[in-house]
Amino acid sequence: CSSADETKTVVIGLAADSGCGKSTFMRRLTSVFGGAAEPPKGGNPDSNTLISDMTTVICLDDYHSLDRTGRKEKGVTALDPRANDFDLMYEQVKALKSGIAVEKPIYNHVSGLLDPPELIKPPKILVIEGLHPMFDERVRELLDFSIYLDISNEVKFAWKIQRDMAERGHSLESIKASIEARKPDFDAYIDPQKQYADAVIEVLPTQLIPDDNEGKVLRVRLIMKEGVKYFNPVYLFDEGSTISWIPCGRKLTCSYPGIKFSYGPDTYFGNEVSVLEMDGQFDRLDELIYVESHLSSLSTKFYGEVTQQMLKHADFPGSSNGTGFFQTIVGLKIRDLYEQIVASKAAEPVAAKA
Ligand code: ADP
Ligand code: G6P
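No experiment lies behind these values; they were computed from the predicted model shown.

**Q** Help me understand the site of ligand 2, please; the structure alone is not making it clear to me.
**A** The immediate surroundings of ligand 2 are formed by Ser18, Asp61, His64, Arg68, Arg71, Ala78, His109, Leu131 and Arg182. Interatomic distance of 2.8 Å between a side-chain N/O atom of Asp61 and an oxygen atom of ligand 2. Between Arg182 and ligand 2, the recorded distance is 2.6 Å, taken from a side-chain N or O atom to an oxygen atom. Contact with the protein chains removes 71% of the 390 Å² of surface that ligand 2 exposes when unbound. Its residues assigned to classes, the shell around ligand 2 shows 2 nonpolar, 3 polar and 4 charged.

**Q** Please clarify how the site of ligand 1 should be interpreted in this entry.
**A** Within the structure, ligand 1 sits among 14 residues, and Gly19, Lys22, Ser23, Thr24 and Thr323 are positioned closest to it. Within the backbone of Gly19, a nitrogen or oxygen atom sits 2.7 Å from an oxygen atom of ligand 1. Between ligand 1 and Lys22 there is a distance of 2.9 Å, counted from an oxygen atom to a backbone nitrogen or oxygen. Across the complex, the protein chains shield 83% of the 550 Å² of accessible surface that ligand 1 would expose by itself.

**Q** How should I be thinking about the sheet that holds strand S1 (residues 10-15) in this particular structure?
**A** Within a sheet, each strand pairs with its neighbour through backbone hydrogen bonds, oriented either parallel or antiparallel. Spatial strand order, S2-S3-S6-S1-S7-S8-S9-S13-S12-S11: 10 strands in an open sheet with mixed pairing. Lying at the two open borders of the sheet, with one neighbouring strand each, are strand S2 (50-51) and strand S11 (243-245). Judged from the 7 bridges that link them, strand S8 (residues 199-205) and strand S9 (residues 218-225) form a sheet pairing that is antiparallel. Within the sheet, the bridge partner assigned to Val203 lies in S9 and is Val220. Strand contacts of helix H5 (residues 153-167): strand S7 (145-151), S8 and S9, with the helix running at about 75 degrees to S8, the strand carrying the most contacts.

**Q** What exactly am I supposed to notice about the nonpolar core here?
**A** Buried together is how nonpolar side chains tend to be arranged in soluble globular proteins. Phe145, Phe282 and Phe325 are the most contacted members of the largest nonpolar core, which totals 58 residues. If sequence neighbours within four positions are ignored, Phe325 has contacts with Phe261, Met278, Phe282, Leu288, Val291, Leu295, Val306, Met310 and Gly318. Grouped together as the second largest cluster of nonpolar side chains are 31 residues, Val11, Met89, Val102 and Ile190 included.

**Q** Can you walk me through the confidence of the model for the protein chain in this structure?
**A** When pLDDT drops low, the exact placement of atoms in the prediction is not to be read closely. When pLDDT is averaged along the protein chain, the result is 92; 96% of the residues meet or exceed 70. In this model, residues 1-5 is a region of pLDDT below 50 whose contacts with residues beyond four sequence positions or in other chains number 9 contacts. The ipTM for the predicted assembly is 0.92, set against a pTM of 0.93.

**Q** Before we go on, may I ask you to explain the side chain of Thr24 in this structure?
**A** Along the chain, the position of Thr24 falls in helix H1 (residues 22-32). Non-local contacts of Thr24, meaning those with residues more than four positions away in its chain, are made with Phe316, Pro317 and Gln327.

**Q** Just to check I follow, could you spell out the pairing of S7 for this structure?
**A** For a regular strand, the rule is simple: side chains alternate between the two faces of the sheet. Summarising burial for S7: 7 of the 7 residues are buried, a large majority. Burial along S7 is two-sided: the residues Phe145, Ile147, Leu149 and Ile151 and Ser146, Tyr148 and Asp150 are all buried. Judged from the 4 bridges that link them, S1 and S7 form a sheet pairing that is parallel. Pairing of Gly13 across the sheet is with Ser146, part of S7.

**Q** Looking at this structure, how should I read the packing of aromatic side chains?
**A** With the rule as written, the count across this model stands at 10 aromatic pairs. On the numbers, 5.5 Å between centres and 35 degrees between planes, the contact of Trp245 with Phe261 is tilted. Taken as a pair, Trp245 in strand S11 and Phe261 in strand S12 (residues 259-268) lie far apart in primary sequence, 16 residues in all. Phe261 matches Trp245 in its accessibility class, with the two residues each being buried. Members of the aromatic cluster, joined through ring pairs, are Phe237, Trp245, Phe261 and Tyr290. Against the face of Tyr196 rests Arg140, its NZ or CZ located 3.6 Å from the ring centre.

Each value, and the rule that gives it
- The numbers attached to residues start from 1 for each chain and follow its sequence in the written order.
- All chains are assigned letters beginning at A, and all ligands numbers beginning at 1, according to the order in which they are written.
- At least 70 in pLDDT is required for a residue's local features to be given in this predicted model, at least 80 for side-chain atom pairs to be given and counted, and no such filter applies to totals for whole chains, interfaces and linings, which use all residues.
- For the side-chain quantities, the full set of heavy atoms in the structure was used; hydrogens and water were omitted.
- We call a residue near a molecule or strand whenever a single non-hydrogen atom of that residue lies within 4 Å of it.
- Two N or O atoms count as a polar contact when they lie within 3.5 Å, although within protein this holds only if one can serve as hydrogen donor and the other as acceptor, and sequence-adjacent residues are included solely when both atoms are side-chain atoms.
- Surface exposure here means Shrake-Rupley accessible area, sampled with a 1.4 Å probe, where a residue is shielded only by the protein chains that are shown.
- Nonpolar residues are Ala, Val, Leu, Ile, Met, Phe, Trp, Tyr, Cys and Pro. Charged residues are Asp, Glu, Lys and Arg, and all others, Gly as well, are polar.
- Paired strands, in this sense, are two strands between which DSSP finds at least two bridges.
- Only DSSP runs of H or I with at least four residues qualify as helices, and only runs of E with at least two residues qualify as strands; both kinds are numbered from the N terminus onward.
- Between two residues, a contact is recorded if the distance between any of their heavy atoms is within 4.5 Å.
- For helices, the fitted axis covers only the stretch in contact; all axes are lines through C-alpha atoms, and the angles between them, taken along N-to-C directions, range from 0 to 180 degrees.
- In these notes, a set of buried Ala, Val, Leu, Ile, Met, Phe, Trp, Tyr and Cys residues joined through side-chain atoms within 4.5 Å is what counts as a nonpolar core.
- Per-residue accessibility, obtained with a 1.4 Å probe over protein chains only, is compared with the maximum for each type, and a residue is labelled buried under 20%, exposed over 50%, and partly exposed between these values.
- Per residue, pLDDT measures the predictor's confidence, with a range of 0 to 100.
- By convention, a stacked pair of Phe, Tyr or Trp rings (six-membered ring in the case of Trp) has centres within 6.5 Å and planes under 30 degrees apart, an edge-to-face pair has planes over 60 apart, and any other such pair is tilted.
- The criterion is that NZ of a Lys, or CZ of an Arg, lies within 6 Å of the ring centre and within 35 degrees of the ring normal, and then a charge sits over that ring.

Written as C-alpha cells, this is what we have:
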C-alpha cells in the first residue's frame, strides 16, 4: 500500500548555545503547523519534550551521559562530547525516524540528575534541538533539514545580561565569568556545527549605528544553502542578483536608525549560499506585509501569511527585528519541505519502498 500514513518521520535539527532563542524559535515553528506544543500529558513535570499534533520537539540535553555532579567530578561542561551519549542519541533518532517508539531519558534541569525515561512515539515531524544535533556524523545523516542559530558574542552577552541579571539576579561579573568559562568548549564543539547547517540565522550588532555596543538593534542574516533537496531559498526582488534595499519610509514606519535589507549570493564554508539580511527594526508589525510582498519563494499558503504569523506572536522575543522574521520564514520553509517529502513518498511506486 502506498498511503501517506506510511510516511516515516521527518527529522529536523536545531543547534544553538543555550539562551540563544531555540525555545522561542520552536514556539514559532509549531505555530506554523497550527498547534501549540505542550509537555507530554501525565508524565514527568520536568520533561523537556514538547508535543503537538504534528511535531515532537526533544531537547538533546536528555542525552547527557554525565549528570551535574558527574560533570563537576570529571571537570567537563555540558558542551563537551564526553558528557553526552551520542550512541544512544543515534539509536533513538534512527528508531523514531523509522517509526519505532523509544524510551528516552530525561535530564532534569532542576535537580541536575537523569530521571527515569519517558515514552516517545514517532511523530510526523521530529525536531531535535540543543547543543549537538549536527555533531555526530551518524545523527547528522538522519537529518532532513538542519538549522544553526548563530548569535554573535556581543549579542549573546546582551541577552544573557537581560535574562540572568534581570530575571535571575546574577551579577554582571558572574555572567561574564560563566560566558568565558564556556567559550573554549563552545568554540571547539558547538560553533563548528554551523558548517553543516542548511540554514543559519546569524545575529550581529547593527551597522546602522556607528560603534553600537548596546546590542538592542540587530543585523540579522539568513544564510540558505543552495542545492538542498526540497528547500528553495527565499529571495528579494530577483533571484541571484545582489540587492540593497532601503524600504520607503512612508510605507514602512521606522524610527532611528531606520531599516535596511540586502540580498545576494555568497559562499559559506565552501558552500554556495543565498543570504538575506535585515538590519534595524520594525515599528509597526502590520506594515510587514509591505516587506513580505517584495520577497519571493516564501512557501506561504496565502498572501500575507508571514505577517499574520508575526502579528500572532508579537509578544515573543525578536518580533520587531530579523530574528523573529527569519525564524518565521524558516518555519514556513520547513512546512513546505515536510509537505514535499510526504508528497514524494506517496508518489513512490510500491516496489521501490521495500
Ligand atoms: P534557549 O531555548 O536557546 O535557551 P530561549 O528561546 O529560551 O533560548 O531564549 C532565552 C532568552 O534569550 C529569552 O528569554 C530572551 O531574553 C532572549 N532572546 C531569545 N531570543 C531573542 C530575540 N530574538 N531577541 C531578543 N532576545 C531574545
Ligand atoms: C544544560 C544546558 C547547558 C548548561 C547546563 C548546565 O545541559 O544545555 O547549556 O550549561 O545545562 O550545566 P551545569 O553543569 O552548570 O549544571
